[in-house]
Amino acid sequence: MHKLNRYIGRTVTGAIVLVLLVIVGIDLLTAVIDQLEDLRGEYTFAAALQYVAMTIPGRFYEFLPFAALVGCLAGLGSMAGSSELVVMRAAGISTARLVWAAMKPALVLSLLGLVLAEYIAPPVQQIAESFRAVALQEEGKAHSEYGMWHREGNRYMHFNAVQPNGVLYGVSIYQFSDGRELQRSLYAERASFVGGQWLLEDVKEASFNARSAEQQLHRSLSWQTELTPQLLNILVLQPSDLSISGLWRYAAYLQEQGINGGEYLLAFWNKLLQPLTIVGLVLVAISFIFGPLREVTMGHRVFVGVLIGVVFRMLQDMLGPASLVFGFAPVYASLLPIVLSFVVGGALLMRRV
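Residues numbered from 1 in each chain as written. Predicted model: local features only at pLDDT ≥ 70, side-chain atom pairs only at ≥ 80, totals over all residues. Heavy atoms only, no water.

A.B. asks: Residue-level account of the environment of Tyr-61, with values.
C.D. replies: Position of Tyr-61 relative to the elements: it lies in helix 3 (residues 56-81). Classification of Tyr-61 by relative accessible area gives buried; the value is 7%. In this structure, the C-alpha to C-alpha distance between Tyr-61 and Gln-274, residues 213 residues apart in sequence, is 9.7 Å. Beyond its immediate chain neighbours, meaning those up to four positions away, Tyr-61 contacts Gly-113, Leu-116, Ala-117, Lys-271 and Gln-274. (Helix = DSSP H or I, 4+ residues; strand = E, 2+ residues; numbered from the N terminus. Buried < 20%, exposed > 50% of the residue type's maximum accessible area, 1.4 Å probe, protein only. Contact = heavy atoms within 4.5 Å.)

Here it is in structure tokens:
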């Protein structure tokens, strides 16, 4: 039985890895083409290739559930096509044992995906985004097309580029009154985190009142804020690119500021529950192999796998924004497609046992 488990595991794992490499390869080619529109100044073609290469870990994690679904259909489907599964069943191997043998590679990949999402992909993605933003930074320009906004109370901030070592470029700060009147604006070419506080460099400051405006220039100026380099490293990334712990910390920070952190909580639950997503999709794939896709061609199986993956992703994409609009907990939006996968896969398998 151990040899049989290893054989099924190798077949399923090999198919999943192959599908993952193909999907990520196509996605990387598309990403390189997209970056060609932004080539200018220091952001050369070589820099664009370097940026895309640094996003590879995040792309592997993003496509892992889809690859597990299609790879399991392809791997088990090849065994079904050569009648190996029939022989195993005839030899007395139960369906439950075959399901467990095919599920174990998916569980291992799920755990590897969690490690990738928590410790590898986010810091590499942060370095990639910082590298790209600095290369596209135009000195003296208050706002960059690729910068980011942040709100802290009545202050609104914009950063052209954020580096992971606590250095900012192109910092704009706008202070408003409770009546939404602009009181003060700052623009600094650079900011660095030194001795537990931020130091703005080459600052242009403008103060406004009902009758006049006053402008001052500062070589350096202290900046008091609750933002830390760790929080800014989170801010520079999209919610889907953040680590699980980073999403939880930043959602809590937004709630302290009175800002809705639903988007970050949704991404948190999607990442935390991704192992269950993979297991649910693999269960659906296994149930199809033992059921309606037992005797069809490989192309048919791959097509069905792609179709199921697209439907699952569309369901996630609809429920996520719906939770933000209608106010129900994001965890339910993440759980519903997973529960649906378990119900469909389990029901189909029960009919075959």
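A.B. asks: Explain the pairing of strand 1 (residues 148-152) residue by residue, including any values.
C.D. replies: In strand 1, alternate side chains face the same way, and those of Met-148, His-150 and Glu-152 are buried while those of Trp-149 and Arg-151 on the opposite face are not. Pairing of strand 1 with strand 2 (residues 155-163), which is carried by 5 bridges, proceeds in the antiparallel orientation. Paired with Met-148 across the bridge in strand 2 is Phe-159. Here strand 1 folds back onto strand 2, and the loop between the two strands holds 2 residues, one of which, Gly-153, carries a positive phi near 65 degrees. (Pairing = 2+ DSSP bridges.)

A.B. asks: Describe unusual backbone geometry, and please don't skip the residues or the numbers.
C.D. replies: Of note, Arg-180 is a non-glycine position whose phi angle comes to about 65 degrees, a positive value. Along the polypeptide, Arg-180 turns up in the loop between strand 3 (167-176) and strand 4 (182-194). Backbone geometry places Asp-202, a non-glycine residue, at a positive phi of 50 degrees. A relative accessible area of 43% means that Asp-202 is categorised as partly exposed.

A.B. asks: I'd like to hear about the sheet that holds strand 4, residue by residue, with values.
C.D. replies: Within the open sheet, the 6 strands sit side by side as 1-2-3-4-5-6. Their pairing is antiparallel. Looking at strand neighbours, the two that pair on one side only are strand 1 and strand 6 (213-223), the edges of this open sheet. Ignoring strand direction, the axes of neighbouring strands in this sheet form an average angle of 20 degrees. Examined bridge by bridge, strand 5 (residues 197-208) and strand 6 share 10 bridges and lie antiparallel to one another. Following the sheet pairing, Ala-206 is matched in strand 6 by Gln-215. (Axes fitted to C-alpha atoms, helices over the stretch in contact; angles between N-to-C directions.)

A.B. asks: Describe the nonpolar core, with residues and values.
C.D. replies: Residues Ile-8, Leu-76, Met-88, Val-282 and Ile-286 are the most contacted members of the largest nonpolar core, which totals 59 residues. For this core, the secondary-structure elements that each account for two or more residues are helix 1 (2-35), helix 2 (45-54), helix 3, helix 4 (84-90), helix 5 (95-136), helix 9 (274-290), helix 10 (298-326) and helix 11 (330-352). Contacts of Leu-76, omitting those with residues within four sequence positions, involve Ile-8, Val-12, Leu-85, Ala-102, Ile-286 and Ile-289. Within the second largest apolar cluster, 32 residues are counted, among which are Leu-186, Val-236, Leu-242 and Phe-268. (Core = buried A, V, L, I, M, F, W, Y, C linked by side-chain atoms within 4.5 Å.)

A.B. asks: Let's hear about the packing of helix 2 against helix 3: which residues, and what values?
C.D. replies: Remark: helix 2 packs on helix 3, axes separated minimally by 5 Å, with the N-to-C direction vectors making an angle of 40 degrees. Considering the angle they form, helix 2 stands oblique to helix 3. On helix 3, the residues touching Val-52, Ala-53 and Met-54 of helix 2 are Ile-56, Pro-57 and Arg-59. Within the contact of helix 2 with helix 3, the residues separate by chemical class into 5 nonpolar, no polar and 1 charged. (Parallel < 35°, antiparallel > 145°, perpendicular 65-115°, else oblique. Nonpolar A, V, L, I, M, F, W, Y, C, P; charged D, E, K, R; others polar.)

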